[in-house]
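Residue-level listing of the chains:
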Amino acid sequence: MSQVRQYQEEMNRHIDEIVRKVESLSEEMIRWKPSEDEWSIMEILCHVEEVIRYWVNELVRVIQAGGTEWGRGLQDKARLAAVRQAYHRSIDDVIHGIQKARDYANEQFSSLKDEDLSVEAPHRNPKFGVKPMTFLIEHFITEHLYNHGKQIERNIAKYHQFVK
């Protein structure tokens, strides 16, 4: 199996796990905010929906350009807007949006070849330096999705601990 397909399968597995984790939760639990500094599950889901498209678009853009600066900061307007809109959206709409983002990502991954992943480019944040696109996929797509799945699990545990 090609490296691109392996990454694609890993991405899909993490997205599917996130959706599976939340599909049986109550709306109250999904919208519950553990603290002022922590995201609710709904905020996490809205972020996941936005982040899939963002990072896949960055990946394709950098590969097509043959290497160009990539990335964004934590204060990115689209990133923050996705989280801010969480309480104005329905859970079904966000889950559907995540599934559409997954389909879009799969379309984009299908156009990639393993050699595309060796393209190197500088991240906007100098701490990351120049990295191959494998780094973008591993750190900002697959690991990122995995970590948000774990974040959802922590919220569920906190909900059961504090809201009884």
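How each quantity is defined
Residues numbered from 1 in each chain as written. Predicted model: local features only at pLDDT ≥ 70, side-chain atom pairs only at ≥ 80, totals over all residues. Heavy atoms only, no water. Helix = DSSP H or I, 4+ residues; strand = E, 2+ residues; numbered from the N terminus. Contact = heavy atoms within 4.5 Å. Core = buried A, V, L, I, M, F, W, Y, C linked by side-chain atoms within 4.5 Å. Buried < 20%, exposed > 50% of the residue type's maximum accessible area, 1.4 Å probe, protein only. Expected span 1.5 Å × (residues − 1). Arc of directions from axis to C-beta. Phe/Tyr/Trp six-rings, centres within 6.5 Å; stacked < 30°, edge-to-face > 60°. Axes fitted to C-alpha atoms, helices over the stretch in contact; angles between N-to-C directions. Parallel < 35°, antiparallel > 145°, perpendicular 65-115°, else oblique. Nonpolar A, V, L, I, M, F, W, Y, C, P; charged D, E, K, R; others polar.

Peer 1: How do you make sense of the overall build of the protein when you look at a structure like this?
Peer 2: Along the protein, the regular secondary structure elements total six helices and two strands. For the protein, the α and β elements follow one another from N to C terminus as α-α-α-α-α-β-β-α. Projected onto its principal axes, the C-alpha positions of the protein cover 55 × 35 × 25 Å. A separation of at least 24 residues holds for 75% of the contacts in the protein among residues at least 6 apart in sequence.

Peer 1: Quick question: what am I supposed to make of the nonpolar core here?
Peer 2: Most often, soluble globular proteins keep nonpolar side chains buried together rather than apart. Among the nonpolar cores identified, the biggest contains 51 residues, and Ile41, Leu45, Trp70, Phe109, Met133 and Ile141 are the most heavily contacted of them. Going through the elements one at a time, helix H1 (3-22), helix H2 (27-31), helix H3 (41-65), helix H5 (91-110) and helix H6 (133-162) are the ones with two or more residues in this core. Per-element tally for this core: the top contributor is H3, with 14 residues.

Peer 1: Can you help me understand H1 in this one?
Peer 2: The α-helix winds at 3.6 residues per turn, so residues separated by three or four positions along the chain end up facing the same way. Over its 20 residues, H1 runs 29 Å from end to end, which matches the ideal 28 Å to within 8%, given 1.5 Å per residue. All buried positions along H1 are accounted for by Val4, Tyr7, Gln8, Met11, Asn12, His14, Ile15, Ile18, Val19 and Val22. On an axial view of H1, the arc spanned by its buried residues comes to 160°, and they lie on one face. Elements in contact with the buried residues of H1: H2, H3, H5 and H6.

Peer 1: Explain H5 to me, please; I cannot follow it from the model alone.
Peer 2: In a regular helix each residue adds 1.5 Å, so 20 residues correspond to 28 Å; H5 covers 29 Å between its end C-alpha atoms and thus fits that length. Of all the positions in H5, only Ile91, Val94, Ile95, Gly97, Ile98, Ala101, Ala105, Asn106, Gln108 and Phe109 are classed as buried. Those residues of H5 that are buried are in contact with H1, H2, H3 and H6.

Peer 1: It is not clear to me how the side chain of Glu58 should be interpreted in this structure. Could you clarify?
Peer 2: If you trace the backbone, Glu58 turns up in helix H3. By relative accessible area, which is 7% here, Glu58 ends up buried. If we ignore the near neighbours within four places in the chain, the residues touching Glu58 are Trp70, Gly71, Arg124 and Leu136.

Peer 1: Looking at this structure, I do not really get the packing of aromatic side chains. What am I missing?
Peer 2: Between two aromatic rings, the relevant description is the distance of the centres plus the angle of the planes. Summed over all chains, the structure comprises nine aromatic pairs. When the ring of Trp55 is compared with that of Trp70, the centres are 6.1 Å apart and the planes differ by 80°; the resulting orientation is edge-to-face. Taken together, the positions of Trp55 in helix H3 and Trp70 in the loop between H3 and helix H4 (77-84) put the pair 15 residues apart, joining distant regions of the chain. With a centroid separation of 5.6 Å and an interplanar angle of 70°, the aromatic rings of Phe128 and Phe140 are classed as edge-to-face. Of the two residues, Phe128 is situated in the loop between strand E1 (120-122) and strand E2 (130-132) and Phe140 in helix H6; the sequence distance between them amounts to twelve residues. The class for Phe140 is buried, based on a relative accessible area of 12%.

Peer 1: How should I be thinking about the packing of H1 against H5 in this particular structure?
Peer 2: Angle between the axes and distance between the axes are the two parameters that describe a pair of packed helices. Running from N to C, H1 and H5 cross one another at 175°; their axes reach a closest spacing of 10 Å. As summarised for this structure, H1 and H5 are arranged roughly antiparallel, according to the angle between their axes. Here Val4, Arg5, Tyr7, Gln8, Met11, Asn12, Ile15, Asp16, Val19 and Val22 of H1 lie close against H5, whose contacting residues are Ile95, Ile98, Gln99, Arg102, Ala105, Asn106, Phe109 and Ser110. Grouping the amino acids of the contact of H1 with H5 by side-chain chemistry returns ten nonpolar, five polar and three charged.

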